[in-house]
Amino acid sequence: MSKKLKPVLAGLALVLVGGALALRLHPPEMLRVGASYSAKIVCSNVFLAGRDAQAVLADDVQAPGHPLLKLMRVSVDREHKLVHADLFGFIGRGLAVYRSGTGCAVVPDGDVAAAERHQFVPTVPPAPPAASWPQGAQADTVATTQAILANETLAGPGMRAIVVIHKGRLVAQRYGPGFTQDTPLLGWSMSKSVTAALIGMQVGAGKLQLAQAGFWPGDGRAAVKLADLMAMSSGLAFNEGYGDVSDVTRMLYLEPDMAAYVHAQPLAQAPGSTWNYSSGTSVLLSRIWQQAAGADAISLPQRQLFAPLGMRSALIEADARGTLVGSSYMYASAPDWARFGQFLLQDGVWEGKRLLPEGYVAMMSSVAPASKGQYAKGQLWRWGPNGATPEGRDPDVAFHLPPDTYWMEGHDGQSVAIVPSQQLLVVRLGLTPHRLYYQPQGLLAAVLRTVQARPAP
């Protein structure tokens, strides 16, 4: 090597080392989002679902995600219940912590102690008697329905669980490799529908009203009603775009207090005039009902909703400042998601006890005027996943579904289809990116044909 070249190479090495150090100390926000996302998904699946960390990283984070995610590395500290994630193992500062009762939280500010304050010891309800639904309904399994679930096209790529409930009975179920009826699975935005139910419980208790406003006193946003927030028609500015640093990715992965971030958003449209799908709205709804409920609100879902319904696996994770992330982070087994769907099908009544105000579910599932037919007034969908259907067109039409069908829907192929007129619900969970254009409507239509042809008992 020439003497002239040595200084050049040495200088280049210094630049590279300096650049790497700068990235480590001050990583770009996109890398921080990716690292926080990786840490969060691995944390939840390791500590809630008991899955292998490296398998979760490969299957749930890297396989379907952004190319940068393929370069993420994670480490799990089981003693302190922490997960670290970084690009190449040293850039990004992704950190998540697991807490009892409130699951995993991203800790973007590094204040683990503050995040650990928000936890409780849940009281797990006793296992239901052997003869109760859904465990005791195996004898009611319909072979033709089970055969439909075995159809790979109808089940869809990445299927992890399917449960079919008809007239309150389990008639078929199927699970993907490595998953069982006891595995807690992330519902993503199906969590929003549970948040709406929790709002309803506070309405029933007289602590909230749908016509209530004034959440921003002395501000133009003071006109925003609780009903506007429920119907995704608040008028608040919020960018739900994924794949970049947007409002939703910043809220979920860069903000320790998610609700405070949303509360600071300006008014972009007149309240009630425009529909804008917003996970921020659902997080704000969580903060609103928690404040209304008062002391011990963080454990209320487990005590007053999940335990009465026998949802032994269900858990809504809280952020680093104690707000339950009711937009995105509820985990439950497929049968427990089915229990919640059946609860809606029964108008908020379970085992003869009314938990939601009479008519509240009808409100939840009625069309939100500003949505042009696609969304409902209570964090539910009137249309199923659109697949390749052009924007603005009802994707359910091609499948000839009953007009009273409504949906809980979540990212990457999560859905609960509810058909009141047929007393039917179909839960379908998996890891199915939107780019695959899978539509669970085909599965629902096939099941409908089977149950409609089934003779009365």
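Report follows, based on the coordinates.

## Quick notes on the overall build of the chain
The number of helices and strands found in the chain is 15 helices and 14 strands. Over its C-alpha atoms the chain spans a radius of gyration of 23 Å, differing by no more than 12% from the 23 Å that the globule rule assigns to 457 residues. When the backbone C-alpha atoms are referred to their principal axes, the chain occupies close to 90 × 55 × 45 Å. The buried share of the chain, reckoned over its 457 residues, is 56%. A fraction of 64% describes how many contacts in the chain between residues 6 or more apart in sequence connect residues 24 or more apart. Total accessible area on the chain stands at roughly 18900 Å², and carbon and sulfur atoms take up 57% of it. The positive charge centre, built from 38 side chains, and the negative charge centre, built from 33, are 3 Å apart in the chain.

## Remarks on the nonpolar core
One finds Phe 340 and Leu 344 to be the most contacted residues of the largest nonpolar core, which totals 105 residues. Here this core takes ten residues from helix H2 (residues 29–47), the largest share from any one element.

## Comments concerning the sheet that holds strand S8 (residues 315–316)
Pairing is antiparallel in the open sheet, where three strands are placed in the order S7-S9-S8. The two strands at the open ends of the sheet, each matched to only one other strand, are strand S7 (185–186) and S8. As judged from the two bridges shared by S7 and strand S9 (residues 330–332), these two strands associate in the antiparallel manner. Opposite Leu 186, over in S9, you have Tyr 331 as the bridge partner.

## Concerning unusual backbone geometry
The residue Trp 188 is not glycine, and still its phi comes out positive at about 50°. Inspection of the secondary structure assignment puts Trp 188 in the loop between S7 and helix H7 (191–204). Looking at Trp 188, the relative accessible area reads 10%, which means it is buried. In this model, Tyr 437 sits at a positive phi of 60°, which is unusual for a non-glycine residue. Among the secondary structure elements, Tyr 437 is positioned in the loop between strand S14 (424–430) and helix H15 (441–453). For Tyr 437, a relative accessible area of 48% corresponds to the partly exposed category.

What counts, and at which threshold
- Residue numbers restart at each chain and count upward from 1, following the sequence in its written direction.
- In keeping with the predicted nature of the model, local features appear solely for residues at pLDDT of at least 70, side-chain atom pairs appear and are counted solely at 80 or more, and the whole-chain, interface and lining totals rest on all residues.
- Derived side-chain values reflect all non-hydrogen atoms in the structure, with water molecules and hydrogen atoms excluded from consideration.
- For the purposes of this entry, the term helix denotes a DSSP run of H or I that reaches at least four residues, the term strand denotes a run of E that reaches at least two, and both are numbered from the N terminus.
- Here the radius of gyration uses the C-alpha set of atoms, whereas the globule reference equals 2.2 Å times the residue count to the power 0.38.
- Three labels apply to residues, based on accessible area from a 1.4 Å probe with only protein chains included: buried if under 20% of the type maximum, exposed if over 50%, partly exposed otherwise in between.
- Contacts between residues were defined by any pair of non-hydrogen atoms, one from each residue, lying within 4.5 Å.
- Under the convention used here, a 1.4 Å probe and the Shrake-Rupley method define accessible areas, while residue burial counts only the protein chains that appear.
- For this count, His and the chain ends are skipped, Lys and Arg are scored as positive, and Asp and Glu as negative.
- Note that the charge is assigned to NZ on lysines, CZ on arginines, CG on aspartates and CD on glutamates.
- Throughout this description, the term nonpolar core refers to a set of buried Ala, Val, Leu, Ile, Met, Phe, Trp, Tyr and Cys residues connected via side-chain atoms within 4.5 Å.
- Two strands pair under a simple rule: DSSP has to find at least two bridges between them.

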